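Working through the structure, step by step
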Amino acid sequence: APLCPRNPCRTVCPRSMAHEEGSQLGKHSYWESVYAQELRLLHDLGEPGEDWFSSHTGNGRLSGFVRDTARRGGLTRDEWTRMTVLDLGCGNGMFCCQLADEGFQSLSGWDYSSSSIALARENTTKWGAASCTIALSVVDVMQAGCPAEGPFDVVHDKGTFDAIQLNPAA
């Protein structure tokens, strides 16, 4: 498989695959493979995995946006830190870790990839705040019967709906 020019540790480059006919980005098997590889990299190199769209949302920009939006809405720190947040398609779990660093205390991450949830569990254990709860679950939002968690004050998506649109079954 070709090496990714942005990250030579990866054997595939998601950005280039998005333009190929029959994109792999919409396939469950693709994400299982990506997150299994990222879990191996975590074990081998201590790297938490790729921060998708990091040039736009990395370095706490997105978690800071959630915090600042709550503040602009007139919520006190005590109120916004108690908001329940769902990261839909949580991937490696690092957005939940960033929210924990901001002070959020009730976080959930859902992904349909069991490899993703395994990686997210290790990452949130290693980098998540000990003072908050991060509940991680394997959930396929395309199937009926989502967990009875919720309601959520904030639901975040950073690419899940794009992947759904690339799914041949969607």
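Please refer to the structure placed before this passage.
Now for a description of the structure that goes with this document. (Residues numbered from 1 in each chain as written. Predicted model: local features only at pLDDT ≥ 70, side-chain atom pairs only at ≥ 80, totals over all residues. Heavy atoms only, no water.)

Let us now look at the overall build of the chain. A count of helices and strands for the chain gives 8 helices and 4 strands. When the helices and strands of the chain are listed from N to C terminus, the series reads α-α-α-α-α-β-α-β-α-β-β-α. Counting across all 170 residues of the chain, residues that qualify as buried make up 43%. Element-wise, carbon and sulfur atoms account for 53% of the exposed surface of the chain, whose accessible area totals about 9,200 Å². (Helix = DSSP H or I, 4+ residues; strand = E, 2+ residues; numbered from the N terminus. Buried < 20%, exposed > 50% of the residue type's maximum accessible area, 1.4 Å probe, protein only. Areas by Shrake-Rupley, 256 points an atom, 1.4 Å probe, with all protein chains shown as cover.)

Core analysis: the biggest nonpolar cluster contains 18 residues, and Leu99, Phe104, Leu107, Ile134 and Leu136 have the highest contact counts within it. At the level of elements, helix H4 (61-72), helix H6 (94-102), helix H7 (114-127) and strand S3 (133-138) are the ones that each hand at least two residues to this core. The dominant element in this core, judged by the number of residues it contributes, is H6, at 4 residues. In this structure leucine 136 touches Cys90, Gly109, Ile117, Ala120, Arg121 and Thr124, once residues within four positions along its chain are discounted. (Core = buried A, V, L, I, M, F, W, Y, C linked by side-chain atoms within 4.5 Å. Contact = heavy atoms within 4.5 Å.)

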